[in-house]
Each structure stands twice: as C-alpha cells, then as structure tokens.
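Listed below, chain by chain, are the residues.
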Amino acid sequence: MLSNTEKELIVQIWDKMIPVAEDIGSEALLRMFTTFPKTKTYFSHLDISPRSEHLRCHGKKIVQALAEGARNISTLTTTLAPLSRFHAYQLRIHPTNFKLLNHCILVTLACYMGENFTPVAHAAIDKYLSAFSAVLAEKFR
C-alpha cells in the first residue's frame, strides 16, 4: 500500500508537526466541528470552543498518535490496538467520524505546510490517514 519512500515522507511530516501538535490537532478538530456539527456530540462533556484547553489537549493527543503510528507503520494494528478498543468499546465513535477528521487533518496540514504539501505528500498522508482510520475502526461492530 505505501512505498518505502512514502513511509519515510510520512514520518518526516509527522515529526515536523510534533512541535505544533496542539495547533494542528485543535485546528483540525475545530474544522471538523464547524463543517460536520454532529461530530460535537462525542465531545459534549468538553469545552470545544476555539483555543480552549480541552480542544488543544485532545488535538495534541491526536497528532502524537498519528506521529507514533507513522514511526511504527509496519505494526500499525498492534500499535493502535489500545486506541482502537478505546474508541470502539468505551467511546463508541462511529468509524465515519474518522474519515471526516481525516479530511480536516489534510486541509489543516495543507494550510500549515504550504508549498511543502506537495501532491506526493498529500497522496502519502491521505493513504496513511486511511490506513490509520481503518485500524481504529477495526473493533467497531
């Protein structure tokens, strides 16, 4: 699915996003909540207003998980197993929502990376996000 070159590019991109993880993650979440308001229902217990501590904290967790998954892409299913169980059994997040967030992450990365978000980078990140989401959705039934 992903070539070795794409895997290396994905790791490089996510490693560069770690220092701005709160910004990237919270902006992607805010985009999702704005564009797809029904996704807010999973976060009714949190303050998800722009720049809120809850939004920034959760956004950071998302970017860190994406970076960790990228570094362990060959064992993605094993790496993400705890997250998959948590999102399926405890949070009961419907898998469609992962796809919605993926789109918002792509847009956010494009904004942050500018010209560095090349078509090759876009395609690699899109493939990776799809694989990441598929693993997270595995336990949902």
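Up top you'll find the structure we're talking about.
Residues numbered from 1 in each chain as written. Predicted model: local features only at pLDDT ≥ 70, side-chain atom pairs only at ≥ 80, totals over all residues. Heavy atoms only, no water.

## Focus on the packing of aromatic side chains
- Going through the model one piece at a time under the given rule, you end up with 2 aromatic pairs.
- When the ring of F33 is compared with that of F43, the centres are 5.0 Å apart and the planes differ by 65°; the resulting orientation is edge-to-face. You can see F33 sitting in helix 2 (residues 21–35) and its partner F43 sitting in the loop between helix 2 and helix 3 (53–71), a full 10 residues away along the chain. Like F33, the residue F43 is buried in the burial classification. (Phe/Tyr/Trp six-rings, centres within 6.5 Å; stacked < 30°, edge-to-face > 60°. Helix = DSSP H or I, 4+ residues; strand = E, 2+ residues; numbered from the N terminus. Buried < 20%, exposed > 50% of the residue type's maximum accessible area, 1.4 Å probe, protein only.)

## What to know about the packing of helix 4 (residues 76–90) against helix 6 (residues 119–137)
- One way to put it is that helix 4 packs onto helix 6 with a least axis distance of 8 Å and a crossing angle of 55°. By the criterion of interaxial angle, the relationship of helix 4 to helix 6 is oblique. Once helix 4 is placed against helix 6, the crossing between them reads as right-handed. Here helix 4 contributes L76, T77, L80, L83 and S84 to the contact with helix 6, which in turn contributes Y128, A131, F132, V135 and L136. (Axes fitted to C-alpha atoms, helices over the stretch in contact; angles between N-to-C directions. Parallel < 35°, antiparallel > 145°, perpendicular 65-115°, else oblique. Left-handed = near helix turned anticlockwise from the far one by under 90°. Contact = heavy atoms within 4.5 Å.)

## Notes on the pattern of salt bridges
- Taken as a whole and assessed by the stated rule, the structure comprises 7 salt bridges.
- With a shortest N-O distance of 2.9 Å, E22 and R56 are connected by a salt bridge. With E22 in helix 2 and R56 in helix 3, this residue pair connects regions lying 34 residues apart in the sequence.
- Residue classification places E22 among the partly exposed positions, given a relative accessible area of 26%.
- When salt bridges that share partners are traced, they join E22, D23, R51 and R56 into one network. (Salt bridge = Lys/Arg side-chain N within 4 Å of Asp/Glu carboxyl O.)

## With respect to the packing of helix 1 (residues 4–17) against helix 6
- Where helix 1 contacts helix 6, the two axes come as close as 9 Å, and the packing angle between them is 90°. Here helix 1 lies roughly perpendicular to helix 6, going by the angle between them. Of the residues in helix 6, those in contact with E6, L9, I10, I13 and W14 of helix 1 are V120, A121, A124, I125, K127, Y128 and L129.
- Considering only residue class, the contact of helix 1 with helix 6 consists of 10 nonpolar, no polar and 2 charged. (Nonpolar A, V, L, I, M, F, W, Y, C, P; charged D, E, K, R; others polar.)

## Some remarks on the nonpolar core
- W14, I105, L109, I125 and Y128 are the most contacted members of the largest nonpolar core, which has 42 residues in total.
- Here this core takes 10 residues from helix 6, the largest share from any one element.
- Every residue in contact with Y128, bar those within four places of it in the chain, is listed here: L2, I10, W14, A65, L66, G69, A70, I73 and L76. (Core = buried A, V, L, I, M, F, W, Y, C linked by side-chain atoms within 4.5 Å.)

## Looking at the side chain of T39
- With respect to the helices and strands, the residue T39 is situated in the loop between helix 2 and helix 3.
- In terms of polar contacts, T39 uses its side chain to reach the backbone carbonyl oxygen of F36, at 2.7 Å. (Polar contact = N/O pair within 3.5 Å; in protein donor to acceptor, adjacent residues only side chain to side chain.)

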